[in-house]
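Listed here are the chains, written in short residue letters.
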Amino acid sequence: MSYDPPRPSYTYPWQPAPPEPPRPARRPAREPLGHHSDLRLLRSAYRWQRRTATLTALGYFTLFLVLSACAPGVMTSTVADGIPAGLLLALLQLPVTWLAIALYEHTARRQVDPLADRIRKQAELDARRGATR
């Protein structure tokens, strides 16, 4: 909305009314860039990707913390050659984190990147069409 300043009230009846200030031309409505359904699919794929990777890493870490707090007997029991189970589970945290990263990259390449590429190409095509008008 534009601000219209108030007209001065000191005009006399024999004077013509001051001219109306020119109104800015209204821009024609543009079609939105890309398709809403494509963006919705991209958001849901990216959301699923984040949740899967996060739950993989945090789920294992939470399991480790719960076992440490609630089952100290399990964590102090020896697994092989005097190695406590807690130490083995703690050392497994690094490979589980790598697994979460690999899962994140795999789902990005397989699901999210193709959707993003399709939306990008469609946006470039829409921009070219708009430039030729």
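All values derive from a computational prediction rather than experimental measurement.

What counts as what
- Residues numbered from 1 in each chain as written.
- Predicted model: local features only at pLDDT ≥ 70, side-chain atom pairs only at ≥ 80, totals over all residues.
- Heavy atoms only, no water.
- Helix = DSSP H or I, 4+ residues; strand = E, 2+ residues; numbered from the N terminus.
- Buried < 20%, exposed > 50% of the residue type's maximum accessible area, 1.4 Å probe, protein only.
- Contact = heavy atoms within 4.5 Å.
- Areas by Shrake-Rupley, 256 points an atom, 1.4 Å probe, with all protein chains shown as cover.
- UniProt positions renumbered as here; feature names shortened; annotations may be inferred.
- Salt bridge = Lys/Arg side-chain N within 4 Å of Asp/Glu carboxyl O.
- Patch = residues over 30% accessible without salt bridge, like charges linked within 9 Å, V, L, I, M, F, W, Y side chains within 5 Å.
- Lys, Arg positive; Asp, Glu negative; His and termini not counted.
- Charge placed at Lys NZ, Arg CZ, Asp CG, Glu CD.

## Quick word on the overall build of the protein chain
Secondary structure summary: the protein chain contains 4 helices and 2 strands in total. Sequence-ordered secondary structure for the protein chain, helices as α and strands as β, is α-α-β-β-α-α. Within the protein chain, buried positions represent 17% of all 133 residues. Partitioning the intrachain contacts of the protein chain with sequence separation of at least 6 by distance along the chain shows that 66% fall at a separation of at least 24. Approximately 11300 Å² of the protein chain is accessible, and the part contributed by carbon and sulfur atoms is 63%.

## Focus: the UniProt feature "transmembrane region" (unreviewed entry) in the protein chain
Mapped onto this numbering, the UniProt entry gives "transmembrane region" (unreviewed entry) at residues 53-76 and 82-104. Here residues 53-76 is 96% helix and 0% strand, with 29 Å between the C-alpha atoms at its ends. Strand forms 9% of residues 82-104 and helix 83%; the C-alpha atoms that close the span are 35 Å apart.

## A look at the side chain of Gln93
Checked against the element boundaries, Gln93 lands in helix α4 (residues 93-132). Among the residues examined, Gln93 registers a relative accessible area of 17% and is labelled buried. The contact partners of Gln93, leaving out residues within four places of it in the chain, are Ala57, Tyr60 and Phe61.

## Details of the pattern of salt bridges
One pass over the structure, following the stated rule, counts 3 salt bridges. Salt-bridge contacts for Arg118 lead to Asp38; the nearest nitrogen and oxygen are separated by 3.0 Å. Linking Arg118 in helix α4 with Asp38 in helix α1 (residues 36-70), this pair joins segments that are 80 residues apart in sequence. Look at Arg118 and you get partly exposed, because its relative accessible area is 42%. Between Glu105 and Arg109 there is a salt bridge whose closest N-O contact spans 3.7 Å. One end of the pair is Glu105 and the other is Arg109, both in helix α4 and 4 residues apart, which spans about a single turn. On the basis of relative accessibility, which here comes to 39%, the residue Glu105 falls in the partly exposed class. Given the relative accessible area of 58%, Arg109 is considered exposed.

## Some words on a positive patch on the surface
Residues Arg40, Arg43, Arg47, Arg50 and Arg51 make up a contiguous surface patch of positive charge. Along the polypeptide, Arg47 turns up in helix α1. On the basis of relative accessibility, which here comes to 31%, the residue Arg47 falls in the partly exposed class.

## Regarding unusual backbone geometry
Phi angles above zero are rare outside glycine, and Asp81 is one such case at about 55 degrees. Topologically, Asp81 is positioned in the loop between β1 (78-80) and β2 (83-84).

## Points about the environment of Ala90
Assignment of secondary structure puts Ala90 in helix α3 (residues 85-91). Through-space distance from the C-alpha of Ala90 to that of Leu65 is 9.8 Å; in sequence the pair is 25 residues apart.

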